[in-house]
Amino acid sequence: MRIDKTHRGWVIAATVLAAVSTILYILYAVQSPSGPRGGSAIGLTFGITGYALMLYAGLIGARKKVPTWRIGRAQTWMRGHIWLGTLSLLLILYHGGFAFRGALTAVLMILFFIVILSGWVGALIQHFVPTLMTERVPMETIYEEIPHVRAQLREEADKLVSSVCGPMDTEAIADEPAAAVTTLVEIEQEDRARFRDIYLRRVRPYLADPEAPRAELADATRAREVFESLRRLLVTPVHAVLDDLENICEEERQMNRQIGIYRWLHGWLLVHVPLSIALLVLGGVHAIMALRY
Amino acid sequence: MSDVHLTIDGAAVSVPAGTTIFDAARMHGIPIPTLCHQQNETPVGVCRVCVVEAGGRVLSAACVRQAEDKMVVTTNSEKVTRARRTLIELLMADHPSPCARQRQSNDCELETLARLEGITQPRFPRRLSPRGQDNSSLVIAVDHEACILCDRCIRGCDEIRHNDVLGRRGKGFWAGIAFDYNLPMGNSSCVSCGECMVSCPTGALTNKSVVKTVLPGEPVDVEELQQLSYFQKVSGTFLELNKNAVVRRHYRKGEIVCREGEYGSTAFYILEGQAQVFLATPLAHVQTQGGATGFFSKLTSRLAGRQQERREEEGARRSIPIDAPVDLPYDNPVATLGPGDLFGEMTCMSLYPRSATVRAATDCVMFEMLRNVLDIIQRNKTLKAQLDANYRKRALDDHLRSVPMFASLTPEFIDVLRNKVELVRHTKGDVICRQGDIADSFYLVRLGFVKVSEPHPGGELVLAYLGRGGYFGEIGLLGEGRRTATCTALDHVELVRIHAEEFHQMVEQFPDVRQNLERLAYERTEQNRQRLATATSMPLDDFLTQGLMEAQSLLVMDLERCTRCDACVRACADAHEGVTRLVREGQRFDKYLVATSCRHCRDPLCMVGCPVGSIRRRNSLEVIIENWCIGCGLCAKNCPYGNINLHPFNVLEDDPANPGRQIAVVKQKATSCDLCTEHAEPTCVYACPHDACHRVDPNEFFRWLGTPLETETRRSLT
Ligand code: HEM
Ligand code: SF4
Ligand code: SF4
Ligand code: FES
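A brief report on the enclosed structure follows.

Conventions adopted
Residues numbered from 1 in each chain as written. Chains lettered and ligands numbered in written order. Predicted model: local features only at pLDDT ≥ 70, side-chain atom pairs only at ≥ 80, totals over all residues. Heavy atoms only, no water. Donors = N, O, S within 2.8 Å, 3.2 Å for Na, K, Ca; no water. Tetrahedral: all angles 85-135°; square planar, octahedral: opposite > 155°, others 65-115°. Helix = DSSP H or I, 4+ residues; strand = E, 2+ residues; numbered from the N terminus. Buried < 20%, exposed > 50% of the residue type's maximum accessible area, 1.4 Å probe, protein only. Axes fitted to C-alpha atoms, helices over the stretch in contact; angles between N-to-C directions. Parallel < 35°, antiparallel > 145°, perpendicular 65-115°, else oblique. Left-handed = near helix turned anticlockwise from the far one by under 90°. Contact = heavy atoms within 4.5 Å. Expected span 1.5 Å × (residues − 1). Pairing = 2+ DSSP bridges. Salt bridge = Lys/Arg side-chain N within 4 Å of Asp/Glu carboxyl O. Core = buried A, V, L, I, M, F, W, Y, C linked by side-chain atoms within 4.5 Å.

Residue and element names in this part refer to chain A. For the iron atom of ligand 1, the full set of protein donor atoms is His 81 (NE2) and His 272 (NE2), at a range of 2.0 Å. Coordination geometry of the iron atom of ligand 1: the 6 donor atoms subtend angles of 83 to 178° at the metal centre, consistent with an arrangement described as octahedral. With a gap of 191 residues between them, His 81 in helix H3 (residues 74-96) and His 272 in helix H9 (residues 269-292) connect regions that are remote in the sequence. Like His 272, His 81 is buried.

Turning our eyes to something else, we now look at the packing of H3 of chain A against helix H4 (residues 103-136) of chain A. Residue and element names in this part refer to chain A. Contact geometry for H3 and H4: axes closest at 11 Å, N-to-C directions at 155°. Taken together, H3 and H4 sit at an angle that is classed as roughly antiparallel. Considering only the axes of H3 and H4, their crossing is left-handed. From H3, Ile 82, Trp 83, Gly 85, Thr 86, Ser 88, Leu 89, Ile 92 and Leu 93 reach across to H4, where they touch Met 109, Phe 112, Phe 113, Ile 116 and Trp 120.

Let's shift gears to helix H5 (residues 146-165) of chain A. Residues and elements named next belong to chain A. Its 20 residues place the ends of H5 28 Å apart at the C-alpha level, agreeing with the 28 Å of an ideal helix rising 1.5 Å per residue. Within H5, burial applies to Ile 146, Val 149, Arg 150, Leu 153, Ala 157, Asp 158, Leu 160, Val 161, Ser 163, Val 164 and Cys 165. Positive backbone phi, at 85°, marks Gly 166, one or two positions downstream of H5.

On to the sheet that holds strand S13 (residues 256-258) of chain B, then. All names here are of chain B. Strand order in this open sheet of 4 strands is S13-S22-S15-S20, and the pairing throughout is antiparallel. Taken across any chain shown, the strands that pair with only one partner, and hence form the sheet edges, are S13 and strand S20 (334-337). Neighbour to neighbour, the strand axes of the sheet diverge by 30° on average, direction disregarded. When strand S15 (residues 275-278) meets S20, the two strands line up antiparallel, connected through 4 bridges. Residue Val 277 lies in a different strand from S20, and its bridge partner there is Ala 335.

A complete count under the given rule lists 41 salt bridges over all chains for this structure. For Glu 252 of chain A, the salt bridge is made with Arg 150 of chain A, and the minimal N-O distance between the two is 2.5 Å. Of this pair, Glu 252 of chain A sits in helix H8 (residues 239-267) while Arg 150 of chain A sits in helix H5, and the two are 102 residues apart along the sequence. Residue classification places Glu 252 of chain A among the buried positions, given a relative accessible area of 0%. Between Arg 561 of chain B and Asp 691 of chain B there is a salt bridge whose closest N-O contact spans 3.5 Å. On the criterion of sequence distance, the pair formed by Arg 561 of chain B in the loop between strand S32 (554-558) and helix H17 (567-575) and Asp 691 of chain B in the loop between helix H19 (683-687) and strand S39 (693-696) is long-range, its members being 130 residues apart. Under the relative-accessibility criterion, Arg 561 of chain B is labelled buried at 5%. Judged by relative accessible area, Asp 691 of chain B falls into the buried class, the value being 9%.

Attention shifts here to the nonpolar core. Residue and element names in this part refer to chain B. By size, the foremost hydrophobic cluster in this structure holds 59 residues, and its most contacted members are Leu 205, Phe 231 and Met 369. No other element matches helix H10 (residues 371-378), which puts 4 residues into this core. Discounting chain neighbours no more than four positions away, the residues touching Leu 205 are Arg 101, Ile 140, Ala 141, Val 142, Cys 153, Ile 177, Phe 179, Cys 196, Met 197 and Cys 200. Judged by nonpolar contacts, the second largest core, of 50 residues, contains Ile 270, Ile 615, Cys 635 and Leu 675.

In structure tokens, the structure reads:
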């Protein structure tokens, strides 16, 4: 979610609420002789409101599971999530009077900080990274489709090369002479063998495992150099095929980039979501224990 | 009658008075070449190829000149052969050799004569102005270039068949043969008897080569065909040429004649027995179980019963249009056809998928035919009258009432209409009415598709496509008396034409029909006005104007906001029982992705061809797919943007191998975005947590992209 002026209302509301609770808190902290306590009436009010806001923030998960519910637009929930979620931290801090006694409360507060922090990290990521994705991955496809697209590209590359070199047995290459084959491009037997060899040694492995670390063709500059040198090495009739192969490699690189950026976009949720659930559960435990005893 | 005595090439010959020199010579075994003369037609003597010396100052045409007493005829003198050669050479100079007949069967009479004369390179120049071809008939190809103006076809049509369709047109260089008042052959009153084609000596009129399909079934002889009233007047030679395009089929009771959704190219005519027409695909909208776990995961589909998910407007639905003389009642989509009924015309003429399944209800005998034979019989006046009578008697009521607007017409009034309406046919490309013409009738579409458009500088603007059950012409009749748009047949079209008089009678007697029509006319006019405004206010280049301008609503994703979370796709799937109607992929435009989801085009190409009219527009203009879709996939193929998907599901059907048992078969139905009209906002938009997904009116959308608005204004618009 982009944090822009559509958030203005929420920011104002959250600020007003924060100001009101701060005034309340100050009044209450000054008045109570033994310092602010969670168990006092006001402290409990802070705690309950804070926890309610946390619960509301957590409910976005449930809301997203059932998108057809007409219980408010998802974007409204999202704005609320960010601002009320943040506000909940303040309320909980006021609830505990900035002091956390006991192991459970300490764990809770650590979790809470991580959740809020990760939330803001995520919010910032979501603010900036989509633009990055749009600019850097013009050929973006659907994330789940990437393996499928990759398989297709591989097939296409093989077809391209065999249109020049004749059918290609990717397992056993060099031995069989491609004499009898009819190809689309007329080139010398020797050039054909060379081209195939280069393809199988340098391009094909990249297409087979484009995510391999430090693959030569994964680097755009390096790839350009490789294809330049191949152009010098190989006869002109195959240059068109080389161009196509180069494009395929570019698409592969873009998919790598897409995967990378996609992980940024969604990876932080792996921290935020499980911890927020833990937080809500433990928060509940804390509430029950505190009220019982 | 007394005989005359003459000498031909030295031989003494006597023949009855009144015999032509040509016949006299023929009777005595002396050959004289001819071209415009044909034994069974009155001689006219126009080509002069049959010249002979008969004693006069000039040569005579043997085919018309009568033998006279003491006449001395020479058929092969130097003078005669020279003249004949020059004549042939002159004709050949203008002949597209080898012409179609020569290519087809190597028997162009002119080219044969030329070969005998040894003429190869004519000495004379060709004419420069082309005379053209006419390909409008389904069975006969017309090449005016090859016509030698011998008039054999004209005599064949008028003298032999008494059809009086053919005549002459033009003068001098422009002279040629003409059908009716020089109409394209396919649009003329030609009955496709084939006599002209059989008469023509050259490639000017040739048989269109029959599709090389071999129809399974029992071949039918020409004699037998000619026993049937609607082939009686057809030339035997012509039938012989076309006879492999019709077969007799025997079906045992219960056997399937054709299945809905299948592609085919034939029509059926029932000779004996009864056949049942029905939809084997259950009437339902696609629903899916198995939860929405992402778009590419496997989903199991099931169908929602009709009562479970009945759309508001379906309540008013009375029938489903199919490719047969009857419509299927909506509540029990089964009908019976009997002897004399013809079905499958749309499939046969325009190669659309079959619209329904037909099963033999009793043992049946049918003719199955390809389009050339269908054309012959459709043009037959007797059969046409019979088919039309069947339609008037049985289908007109349903057809009229299936249009919600006419639901209130009383049976008495329909009886009045029954004999007053005209049933008209149009071939592909025909202009049915033109903008500005006087509005003289109202039309209801029976078969095929009609394009309604307005001509504009720089191209036409398509206002609508109308399929079966569609109607047009009310705006002109209710308004200023002139046609406001041009209507063109997109394929083989059959219409019910209600003349102005009956139309006015109808709107007077039924005020609610009038009200509805007026409201609709107003809506249509209003829409057209808006479209025009759009069309003229678009400064953008072709790429945009083409694809996006035609859209009434686009699903766009702001790529600077979209986190690629796919909440929209999942929401769509959830809202439509697991079947998403949107794919988060497509063209990028500026910072927007135009997602693959129905655009509700102004000229929805997807609708053209749906054999059962199940993909259609609501009055609110969004395109929806009704529950009687038979899953033929034509709409998906026709959508240029790939926005229609077919979703498979299993249904139980009677097992033909084991009677009494049922087996699961896979059927499919088309789905596309319905804009979630039951809600204020489409589910995808509602479910996007990041304010990235929007349904926009491209009109607005383009306007602010096209003009240098403040960035801030842009932002607030999104
Ligand atoms: C009490 C505090 C919070 C709780 C319990 C909580 C819980 C959650 C949960 C359960 C989700 C998962 C939604 C899903 O299923 O995708 C989520 C998502 C998210 N949260 Fe929080 N959260 C809290 C605070 C915050 C704060 C303070 C922010 C910050 C700015 C934040 C930002 C986000 C964002 C951006 C998402 C991603 C939503 C999406 O991409 O669809 N959260 N949160
Ligand atoms: S809606 Fe599409 S798939 Fe269904 S019957 Fe019509 S054209 Fe065929
Ligand atoms: S729901 Fe919104 S953010 Fe998520 S993929 Fe769809 S448009 Fe993008
Ligand atoms: S055949 Fe006698 S004039 Fe043509």
